[in-house]
Amino acid sequence: MRKALHILVPLAAAAVPLAMATAAHAEGTSYQATLDPLNHSGGSGMATVTLTGNTADIDVSWSGLASTFGGNPYPHVQHIHIGGQGTCPTPAADTNGDGVISTTEGGPAYGGIGTTLSVKGDTSPAAGTNIKIAPSGDSTDYHRTITLDDKTLASLKSGTGVVVVHGLDPATLSKQAQNEKSDLVKSLPLAATSPALCGALTAMPAGGVAAGAGTTAGIEDAGLLAAGGGLVAGAAGLALYAVRRRQAAEA
Ligand SMILES: [Cu+2]
């Protein structure tokens, strides 16, 4: 019995720095999204958000989207959407049956605009439809460091941050949809603001938590901090279990 206590105490002490290291590492947490086409846009891409405190290094690359609009490079507004279900809409989201999932129809899945991924200036939701500061053309390789607000941070950490890139080639829409106005900006056609790419941001496993290999499936739902804590507790629990088994075998 005395022998068992000697082994338990150092194990408990070892768990403390492990937990602290995990919390510190979470400050550099990366979230990643594969951007898949919506509304048959034909495009694809990737997005990475690396958080240090409330500072986010954001990389977004995509290609295959509409290239021109009225003879100019096609502006594709892009955002981190927050506060929804943390998912991308399915075709069932097209509630008015015009063949296009509008930005509003996709709302229940990906939520509202939390941060505008503009190329310069305002990154708040207010800049959400400002096509003058949106990336443009059929592809982009976007990098910007942005200070995220509390709402976007909270959504990322709870697994409900979703990157959405907007702007469809009107020619790919049904006749009915080609004649509709945007649900967001009445002066624009529906195609201009409808979602073209979407990807849910999921936390990447932290580099130092190799013990958790194979058990990362729950991270996107639990949030990295909680999952990291769980992994540490799990590892300590396994070690204790092993010690007990060994002692039982020796006895
Ligand atoms: Cu958006």
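Residues numbered from 1 in each chain as written. Predicted model: local features only at pLDDT ≥ 70, side-chain atom pairs only at ≥ 80, totals over all residues. Heavy atoms only, no water.

A. View of the coordination of the copper ion. With distances of 1.9 to 2.0 Å, the protein atoms coordinating the copper ion are His79 (ND1), His81 (NE2) and His166 (NE2). Read in sequence order, the donor residues for the copper ion give the motif H-x1-H-x84-H. Both residues of the pair, His79 and His81, belong to the buried class. (Donors = N, O, S within 2.8 Å, 3.2 Å for Na, K, Ca; no water. Buried < 20%, exposed > 50% of the residue type's maximum accessible area, 1.4 Å probe, protein only.)

B. Fine view of the pairing of strand S6 (residues 78–83). Within S6, five of the six residues are buried, leaving the element largely enclosed by the surrounding structure. Relative to strand S9 (residues 162–166), S6 is paired through four bridges, and the arrangement is antiparallel. Looking at the pairing, His79 lines up with Val164 of S9. In terms of strand pairing, S6 meets strand S7 (residues 111–116) through five bridges, oriented antiparallel. Bridging across to S7, Gly83 finds its partner in Gly111. (Helix = DSSP H or I, 4+ residues; strand = E, 2+ residues; numbered from the N terminus. Pairing = 2+ DSSP bridges.)

C. Spotlight on helix H3 (residues 150–157). Within the span of H3, buried status applies to Thr152, Leu153, Ser155 and Leu156. Taken around the axis of H3, the buried residues stretch over an arc of 165°, which confines them to a single face. For H3, the exposed residues lying more than 90 degrees away from the buried face are Asp150 and Lys151. Residues of H3 that are buried make contact with strand S1 (30–37), strand S2 (44–52), S6 and S7. Positive backbone phi, at 80°, marks Gly159, one or two positions downstream of H3. (Arc of directions from axis to C-beta. Contact = heavy atoms within 4.5 Å.)

D. Up close: the nonpolar core. The biggest cluster of nonpolar side chains holds 31 residues, and the ones touching the most others in it are Leu35, Val49, Ile58, Val60, Ile80 and Leu201. It is strand S3 (residues 55–63) that provides the largest number of residues to this core, a total of four residues. Setting aside chain neighbours within four positions, we find Leu201 in contact with Tyr31, Gln32, Ala33, Ala47, Val49, Ile80, Leu156, Gly161, Val162 and Val163. Ranked by size, the runner-up nonpolar core spans seven residues in total, among them Ile101, Tyr110, Val164 and Cys198. (Core = buried A, V, L, I, M, F, W, Y, C linked by side-chain atoms within 4.5 Å.)

E. Quick peek at the side chain of Gln78. With respect to the helices, strands and loops of the structure, Gln78 is situated in strand S6. Judged by its relative accessible area of 1%, Gln78 falls in the buried class. Ignoring sequence-local partners within four residues, the contact set of Gln78 consists of Val60, Trp62, Thr115, Thr116, Leu117, Pro135, Tyr142, Val164 and Val165.

F. Representation of unusual backbone geometry. We note that Asn39 has phi near 55°; this positive angle belongs to a residue other than glycine. Residue His40 is not a glycine yet carries a positive backbone phi of 55°. Relative to the elements of secondary structure, His40 occurs in the loop between S1 and S2.

G. Region of interest: the environment of Val165. Structurally, Val165 can be placed in strand S9. Residue Val165 is classed as buried on the basis of its relative accessible area of 0%. In this structure, the C-alpha to C-alpha distance between Val165 and Ser194, residues 29 residues apart in sequence, is 8.6 Å. Non-local contacts of Val165, meaning those with residues more than four positions away in its chain, are made with Leu35, Trp62, Leu65, His76, Val77, Gln78, Pro195, Ala196 and Leu197.

H. Structural detail: the state of the cysteines. Counting across every chain of the model gives one disulfide. Between the sulfur atoms of Cys88 and its disulfide partner Cys198 the distance amounts to 2.0 Å. Handedness here is read from the sign of the S-S torsion; for Cys88 and Cys198, about -90°, the answer is left-handed. Residue Cys88 is located in the loop between S6 and helix H2 (107–110), and its partner Cys198 is located in strand S10 (residues 195–200); the two are separated by 110 residues in the primary sequence. (Disulfide = S-S within 2.5 Å.)

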